Each structure stands twice: as structure tokens, then as C-alpha cells.
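# Examining the three-dimensional arrangement
Read off the chains here:
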Amino acid sequence: MPALRTLFGGALGMDVHVITTSLTLADRDPALAAQLERSEQEFAEALRLASETGLRLAVSTA
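Our subject in this report is the structure included herewith. Just so it is clear, the structure is predicted and the values come from calculations on it, not from any experiment.

### Observations regarding the pattern of salt bridges
Opposite charge on two side chains permits them to pair, given that their charged atoms come into close proximity. If you walk through the whole model with that rule in mind, you get four salt bridges. Salt-bridge contacts for Asp-27 lead to Arg-28; the nearest nitrogen and oxygen are separated by 4.0 Å. Here Asp-27 and Arg-28 have matching classes, each one exposed. Arg-48 is the salt-bridge partner of Glu-52, the closest N and O atoms lying 2.3 Å from each other. Note that Glu-52 and Arg-48 are positioned in helix α2 (residues 36-61) at a spacing of four residues, about one turn of the helix. Relative accessible area serves as the criterion here: at 38%, Glu-52 is assigned to the partly exposed category. Take Arg-48: its relative accessible area is 36%, and that puts it in the partly exposed class. Among the charged side chains, a network of salt bridges with common partners joins Glu-45, Arg-48 and Glu-52.

The following block contains the structure:
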């Protein structure tokens, strides 16, 4: 995500937090079907991290 960090962080001075997840097509791609449980776990973790980060940033700017 270097481009996002450069654009939003460098050029606009924003605090950039990148949260990634993989296997997002496991529920649609038969070749990834065996990875569905891992995909769901990673996505749930990404949502949790996004929520925590949003709350932390909201509190720090209040």
C-alpha cells in the first residue's frame, strides 16, 4: 500500500492505517473452497482491527 501511504499520508498529511485480509473470494472460487474457514477468520479479524482503530482514532481526536 505504498501509494496510499504516499498520497494520503505524505501529500495530505493523514494518519494512514492499512488493514489487509486475504482469500476474499474463497466463498465464490471453487479453487479456494478449502480455505473458506481461514478466509472468514481473517475477514473477522480485519473488521475487529478496523473497529478498534476507528475507536482509537476517534478518541485521540476528540
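### Let's talk about α2
For α2, built from 26 residues, the straight-helix expectation of 38 Å at 1.5 Å per residue is met to within 8% by its first-to-last C-alpha distance of 37 Å. Here α2 has its buried residues at Ser-39, Ala-46 and Thr-53.

### What to know about helix α1 (residues 2-11)
Of all 10 residues that make up α1, zero are buried, and the element is exposed over most of its length. Just downstream of α1 lies Gly-13, where phi reads positive at about 70 degrees.

Procedures and definitions
- Residues numbered from 1 in each chain as written.
- Predicted model: local features only at pLDDT ≥ 70, side-chain atom pairs only at ≥ 80, totals over all residues.
- Heavy atoms only, no water.
- Salt bridge = Lys/Arg side-chain N within 4 Å of Asp/Glu carboxyl O.
- Buried < 20%, exposed > 50% of the residue type's maximum accessible area, 1.4 Å probe, protein only.
- Helix = DSSP H or I, 4+ residues; strand = E, 2+ residues; numbered from the N terminus.
- Expected span 1.5 Å × (residues − 1).

In short, geometric facts, not functional conclusions.
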